[in-house]
Each structure stands twice: as C-alpha cells, then as structure tokens.
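The residues making up each chain are set out below.
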Amino acid sequence: RLRRHPLPAPLHAAWEQRAPELKPPQLTQQAWALGRLGGSTARALLPQLAARAKALGGGAEGRAPPALAPALASLAWAAATLRTAEHFPGIAAASTLMHMRPQDAANTLWAAAVLRTRAPLAVRLSGPKVRNAWTPRDASTALWAYASVRGAPCSKFLDELTRVVVQNAGRASGQDLANALWSLSSLGGDVAREENLNALAAAAVSASSGGRATWVLRPQELAFSCWALASCGVHHGAFFNLARAQLMEPSALEKLSTKLSNSDREGDLLANVVWAFSIARRLLQRMELDDGAFLSALRAAILAHGSAMDAEASKRPTSSLHCAMGEGEGDWPRILHQSAGVSVIYKPPGWEVDGRSSASGDAEDGAGEGSGTSELKASPGQRISEYVQSVFPEAKTVYDDLRDHGFLHRLDLPSSGLLLHASSYRALMSMRWQQDALRIDREYLALVHGHLNPGTTTIGGVLVLNGPIVQHANACSVVVHHEAPGGRPSRTYARPIAVLRRPEQGAEDERLYTLVALSIVTGRRHQIRTHLSNAGHPVVCDRRYGWQHLGSDLPWCSWNFLHRYRLAFEDPGGTPREVLEPLPEHLREALATLQPVCLPGGGHGVSSDDAAGAAAGEVSSWVKRLRPFW
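This is a predicted model, so every value here is computed, not measured.

Reading the values: the criteria
- Residues numbered from 1 in each chain as written.
- Predicted model: local features only at pLDDT ≥ 70, side-chain atom pairs only at ≥ 80, totals over all residues.
- Heavy atoms only, no water.
- Helix = DSSP H or I, 4+ residues; strand = E, 2+ residues; numbered from the N terminus.
- Buried < 20%, exposed > 50% of the residue type's maximum accessible area, 1.4 Å probe, protein only.
- Areas by Shrake-Rupley, 256 points an atom, 1.4 Å probe, with all protein chains shown as cover.
- Axes fitted to C-alpha atoms, helices over the stretch in contact; angles between N-to-C directions.
- Parallel < 35°, antiparallel > 145°, perpendicular 65-115°, else oblique.
- Left-handed = near helix turned anticlockwise from the far one by under 90°.
- Contact = heavy atoms within 4.5 Å.
- Nonpolar A, V, L, I, M, F, W, Y, C, P; charged D, E, K, R; others polar.
- Phe/Tyr/Trp six-rings, centres within 6.5 Å; stacked < 30°, edge-to-face > 60°.
- Lys NZ or Arg CZ within 6 Å of the ring centre and 35° of its normal.

Student: Would you explain the overall build of the protein in this entry?
Tutor: When helices and strands are counted, the protein shows 24 helices and 12 strands. By residue count, 55% of the 630 residues in the protein fall in the buried class. For the protein, the accessible area works out to roughly 26500 Å², and carbon and sulfur atoms hold 50% of it.

Student: For this particular structure, what's the right way to read the packing of helix H2 (residues 24–37) against helix H3 (residues 39–55)?
Tutor: Axis separation between H2 and H3 bottoms out at 9 Å; the angle between their running directions is 155°. Here H3 runs roughly antiparallel to H2, going by the angle between their axes. Pair H2 / H3 crosses with left-handed handedness. Between H2 and H3, the residues in contact are Leu-27, Gln-30, Ala-31, Leu-34 and Leu-37 and Gly-39, Thr-41, Ala-42, Leu-45, Leu-46, Leu-49, Arg-52 and Ala-53, respectively. Partitioning the contact of H2 with H3 into residue classes produces 9 nonpolar, 3 polar and 1 charged.

Student: Would you explain the side chain of Ser-416 in this entry?
Tutor: As for its placement among the helices and strands, Ser-416 is situated in strand E3 (residues 416–422). In this view, Ser-416 contacts Tyr-346, Lys-347, Pro-348, Pro-349, Leu-411, Leu-562, His-563, Arg-564, Pro-584 and Leu-587; residues no more than four positions away in its chain are not counted.

Student: Looking at this structure, how should I read the packing of aromatic side chains?
Tutor: How two aromatic rings sit relative to each other is given by the distance of their centres and the angle of their planes. Per the counting criterion, the structure on display carries 6 aromatic pairs. Both rings, one in Trp-134 and one in Phe-157, keep their centres 5.9 Å apart while their planes meet at 85°; by these two values the pair is edge-to-face. Taken together, the residues span a long stretch of sequence, with Trp-134 in the loop between helix H8 (128–133) and helix H9 (136–148) and Phe-157 in helix H10 (residues 155–167) at a distance of 23 residues. Taken as a pair, Trp-134 and Phe-157 share a single burial class, namely buried. Ring geometry for Trp-332 versus Trp-351: centroids 5.8 Å apart, planes at 55°, classification tilted. Linking Trp-332 in the loop between helix H17 (291–312) and strand E1 (334–339) with Trp-351 in the loop between strand E2 (342–347) and helix H18 (356–360), this pair joins segments that are 19 residues apart in sequence. One aromatic cluster in this structure is built from Trp-134, Tyr-146 and Phe-157. Cation over ring: Arg-299 sits above Trp-433, and NZ or CZ is 5.6 Å from the ring centre.

Below is the structure:
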C-alpha cells in the first residue's frame, strides 16, 4: 500500500530523526526497504541514507570499513532500483568489494552497470574467493554487468566467473544460463569459447526438457540464448529444437512481442529469433525441416505486432527542417521505387542515416561509422530522417528515432546507394522479417586496391570471404581466425569484374585496382570494408581501413568507392521487387581516370589490346547497365 501512498507523517518524521543514528546493519535493512518500497517517497528518503553511509566512512575515495560493505551494497542496489545515480555510494576500492558477500558484490556490479557508474566496474577483482564462494546466480549477474559496459578490467576475473557458471551449470536457473550466454556472447574473447557456450546450452536442455524438468526457460530467455549462440557461430541442435518447440506456443510469441525492461524497441526478440535460426540454417549447417513452419509462425507474429503498433501510433506534426528539402539530382536523396508502404531511396555520400542505430554505433553491411575521428562527419541538415519527414509527413515511422525513422538498414556516411524505407510499422516489420531471414539481396560495387584475383574458388569466379569479425572498442572491426573465440560468423561474396591501372610518375609507379561486385549474407559492422581490407585490398578512399592509401587516393577520388547498387526483396503485398541504381557521377568520374588492363584471371600486368578491350567491356556493362550478382 505504501507504494501508492505517501509515508504516514509520524513514521516519516521518526524515520528522518533516526536516520543519522543508523548503524551499518540497520542501514543495510533500510536501504533494502526503500528499494522495495519504490516511488517518490523512497527517492526522497534515500539521500539521507547515502549521507549516513558517507559519514560512516563510505565516501567516494579509499577503502570503506569492512562492516559497512553490506550497507553499501544495499545502497547501490536501491539507487539502481530507483534509478537515482546521484545517490550511488562511493565504491572504488577493491578491498570494499572483496569484503562483500558474493551476492552483495554481484548486486553492486549490477547496480553500477544499470546506472553506468564506472568506478566499481573498473576494480580489478580475482582470487580463490570467487571460485570457492560465488554461486552461478552471482557469477551470471556479474558477467551481465561487465557485458553491459562491454568489458572488464581483469580478464582473469571474467574467466573465473565463467568457470563458476559452466562448472555449476546443473545448479543454475534458466535466468542464470540465459544471462551467462548473452554475457559471454557480448563480451566475446576467450570466455566465448564454443565449449563454454555448448556446456551452458546443454545444461539448459537437460534441466528444462523431459518428464523430470526442474524448470522451463521463459520465452525471453530462449530468445536471448538463441541469439547469443548464433552470434558466436555455435549451433547446439538440441537447444534450438527446444527453443522452437516452446516458442511455437501462441502465448510465447505474444510475450516476445512485448517491450523489454531494458529496451525501448518492442518486438526485437521476435526478430532476433528469426535471425538466429536463419544464421544457423545458412551458415552453421542446421538442417531441420520443421524450421520452415516455425519461421512462418514468427512472421505472422511480427506482422501482427506491426499492425498493433500502427493502431497505437499517434499522428505527429511535421518537424521544422534545418534545411529546405526537395527531390532532385546530384547531391539530394531520390525516391526510386514505392509499393505497398515500402520505398527504395537513393542516399548520396555525405548524408547520415540517423536514428538509434547511428547513436549506439550499431551498423549493417559495412555501414555505420560510430565515433571514430578518422571518418567524415555529416554537415548540419544532411540527415536522411529530415528528407523522409519532408516527403512522407503523414507516415507513422518517420518521427520514430528508436526505429531509425523507418529505415531498415544503414549505409555509412561517405558511401552511396540504395536504402529500404517503410512508412508503416506493419510494412517495417514485414521487411524486418525478410532481412533477419536473410531473404533480401543487397549488392554493391566497389573499387579496391590491387589485383583481386579469384584464384581457385568453389563458386565460379567468386571469392567467398568467411572471416569471423570482432568489433573493437575503438569502433573498428577486425577479422579473426575461425578458431578464435568471440568472432561473429560473417560471409561476403566478391566477384572481380576487371583490373584497372593508374599510371603515376612513371611506369614503375603504376598502381593496379580491381572493380568488384559484392553480395553479403550477414550484415556485420563495416563487414565489406573489413573483409576486403583483411584480404589485402582495401576500398579506395576508405579513411578507416585504407588510411595508408589516402594520400594517393584523394587527388582523384574524394569519396569512399563503395556503392550499394541493387536491392531485391518482396514487398508487403507479396510482389517480388528489384531496384538498381548505377554508380553516381562522382564515382563514374573517378573510374574514368583509370585504364582497363585485363579481366581478373588474365594475369598480372597484362596489357594487350584484346585483354584491355575485354576489361573495358566488362566495366562498361556493370557500370552502365548493371547486373544481378548471381
């Protein structure tokens, strides 16, 4: 009842009078009580407990008295529960955390992650106490905290926490295992080894299936776990079958459509499950006929969710734009296709595809730029959201920053090409299902350094770039060895079209380039640029992955030579669509400064008239008429 009403006046007065006299055990109890109480009353009283803790030695600096450690943990938990970061206690010493019980230490780390308070998460913890005293619940909570801020100061501590969960997986709950799977996948590195993930998945199957099930994984836990396994390139067949059987229930699909407590985007879990099963089928050799019916059920649920969002969406007025918008040629976006609530829009270089993904650094198909200082930045007013708000003022999605203003995917700021946009949530969900089911063709033209020779490939004339990708904290992506833990499964197909040259001061300084058509299966951050750079052929004028060539690139090519020229999809009405867009003028002009030399298999430096003529014909065919990749 007190959660809905103010604290009675006599009790409130007595509490304020006694607060400055509380001993550490009483402080622990009162902090817990305020966290459970919640509401404005708890928020008003918490500062007095924080002041009392500071008076007892729990300041921001140094080591707190051991007897005060439980009270500080309760205060941290209460502050996170009430979302009041200003009253988070000072916990910056390893000795303070080590004097806490494992449960208190785990809860403190959890609270610090929720409130983005870095000091406790920067403490280096390790030792036998972790291995001997921590439970799977404590360890999975701590792992979640470190994964939420993408790292820990001590990899040894992460290893110890992981061993606690893996070696005691049989005693863990579904929440513990799901938190641990998500955390290991998000942290990557050595803790995301395949044996660790398989051990957790096997424990979940053992505990939640059969006639003697001790507990059943909840729908959200299944969705997080499937995503985590697929993200790390791990297919545990029994776990995926368990997830499919339990998520086929209508009530489970309905629960996946609701808003998550830690996310503003409803329905994301449905899309994550679609993606996980599609990755398992396409890249991880999953062969289950029943998956088709399951993916269809997920599609129906996603579409129903989109319809519900349309019904709830309120009409928003058109915002005042920073710059005048209009359709035109040159440097302005253009609508190339519209059908059934879906548009294909051409994005010129220099325009930012803004929204939540842009702010968070998420990206797709070698796209987002994050916060790296080496990348070009958008000028004020060059946001693609303002363009769609001007041309679709009545659309329900264009003002929704959390859903990227209705755009399905992104392109990086210096790149050009085609974007899919949906003006209704049902249309957006329809296209989201296709994207996560790997059913949208996304194809590109790029000019890369060097002679990219297809060599011996299993698909005629096509290079298969399969290197797993790891995203580093500096916003760069790196290809790692297939056996390295933490790498995300990624696949890019590259078809070399022709080899070209650019004579410099003399023949001995001649530089070779290859015009390449590309198609992607996955959409990792900077995937195309990372795969090509790792192969020794960075994209021309790539400031992040080809910076060593910028001095020679910029005089003749001022923009990243990467262009998405083709999209093929099925519109929400069920009609197959294909949209192609030739290279923009500035890239055609850059290409015209090069001389065709030969076809990719024609040998290094071949310059006969026949070879050059054949190469010129191939370049002209792709640049002017375009072709599907396959």
